[in-house]
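# Commentary on secondary and tertiary structure
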Amino acid sequence: MSPETPKARETRTKLLEGALRTLTEQGIAKTSARTVAAAAGVNQALVFYHFGTVDELLAAACRYGAQQAVARYRERLAAATSLSELLAVGREIHASERGGGHVALLGQLLAGAPTHAALGPATAAGLRLWVAEIEQVLTRVLAGTPVAEFVDPAGLARAVAASFVGIELYEGADAAGAEAALGALDQLAALVAALEELGPVAQRAVRHRLRRAGR
């Protein structure tokens, strides 16, 4: 197989971005080879030449969009030194992604997954990119805290990612409820921070109590 030319890469990128824009602006029901090609400014036949089917294009666009989004925030996530800072970055991401229409896009991807076989695995793969980044931060910021030995960073990362996905989708129906949910996560971060400030004796007591509760 011959290497992809710069022109072919440019066309593929236009199609990927066109697919994401079409999903966001027109929804999954109106996303077709024709509407994506129009958004990308290319010939409709190029959808099938580069991706084979519309579903494969949408799956590739889902992965591409997730990669781009994670890359935008990787440095901010890497700079977080506490759970509170991680949640602050999460709020920043939430506001930015909602403003950019990406929350609506996620809703369309989730809505389309049952009827577009390739979308489910692609959406899950995109979410795993976020989980991997969050897990790295959690492993780092919880190390040395009284709760470190009782928390599974991988599982907690999935819970955090799922919470933000749910909150983003929930906000469209109940903005006040979504804000309350974000506030509850902030309270959890404040609790962990308070535990970190306890003296050695108190921290040992907390660990002992948690061990007993976990039996």
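First, a word on scope: everything that follows refers to the structure included in this document.

Rules behind the numbers
- Residues numbered from 1 in each chain as written.
- Predicted model: local features only at pLDDT ≥ 70, side-chain atom pairs only at ≥ 80, totals over all residues.
- Heavy atoms only, no water.
- Phe/Tyr/Trp six-rings, centres within 6.5 Å; stacked < 30°, edge-to-face > 60°.
- Helix = DSSP H or I, 4+ residues; strand = E, 2+ residues; numbered from the N terminus.
- Buried < 20%, exposed > 50% of the residue type's maximum accessible area, 1.4 Å probe, protein only.
- Salt bridge = Lys/Arg side-chain N within 4 Å of Asp/Glu carboxyl O.
- Axes fitted to C-alpha atoms, helices over the stretch in contact; angles between N-to-C directions.
- Parallel < 35°, antiparallel > 145°, perpendicular 65-115°, else oblique.
- Left-handed = near helix turned anticlockwise from the far one by under 90°.
- Contact = heavy atoms within 4.5 Å.
- Nonpolar A, V, L, I, M, F, W, Y, C, P; charged D, E, K, R; others polar.

## Quick notes on the packing of aromatic side chains
Across all of its chains, the model carries 1 aromatic pair by this definition. Between Y73 and W130, the ring centres sit 6.1 Å apart and the planes meet at 35 degrees, which makes this aromatic pair tilted. Remark: W130 occurs in helix 7 (residues 119-142) and Y73 occurs in helix 4 (residues 54-79); sequence separation between them is 57 residues. Exposure remark for Y73: the relative accessible area of 6% places this residue in the buried category.

## Thoughts on the pattern of salt bridges
Across all of its chains, the model carries 4 salt bridges by this definition. Across the salt bridge formed by E10 and K14, the nearest N and O atoms sit 3.6 Å from each other. Of this pair, E10 and K14 both sit in helix 1 (residues 6-26), 4 residues apart, roughly one helical turn. Of the residues examined, E10 reaches a relative accessible area of 39% and is grouped as partly exposed.

## Focus: the packing of helix 4 against helix 5 (residues 83-99)
It is at 9 Å that the axes of helix 4 and helix 5 come closest, and there the two elements cross at 155 degrees. Taken together, the axis directions place helix 4 and helix 5 in an arrangement best described as roughly antiparallel. With respect to the hand of their crossing, helix 4 and helix 5 are arranged in right-handed fashion. Two secondary-structure elements touch here, helix 4 through A69, R72, Y73, R76, L77 and A79 and helix 5 through E85, L86, V89, E92, I93, S96 and E97. Tallied by class, the residues present in the contact of helix 4 with helix 5 amount to 7 nonpolar, 1 polar and 5 charged.

## Details of the packing of helix 1 against helix 2 (residues 33-40)
Two numbers describe a pair of packed helices, the interaxial angle and the distance between the axes. Packing of helix 1 against helix 2 leaves a shortest axis separation of 8 Å and a crossing angle of 115 degrees. Compared by their axis directions, helix 1 and helix 2 come out roughly perpendicular. The two elements helix 1 and helix 2 cross, and the hand of that crossing is right-handed. Across from K14, L15, G18, A19, R21, T22 and Q26 in helix 1, the residues of helix 2 making contact are T35, V36, A39 and A40.

## A word on helix 2
Looking only at helix 2, the buried set comprises A33, T35, V36, A37 and A40. Taken together, the buried residues of helix 2 touch helix 1, helix 3 (45-51) and helix 4. Remark: G41 follows helix 2 within two positions and exhibits a positive phi of approximately 75 degrees.

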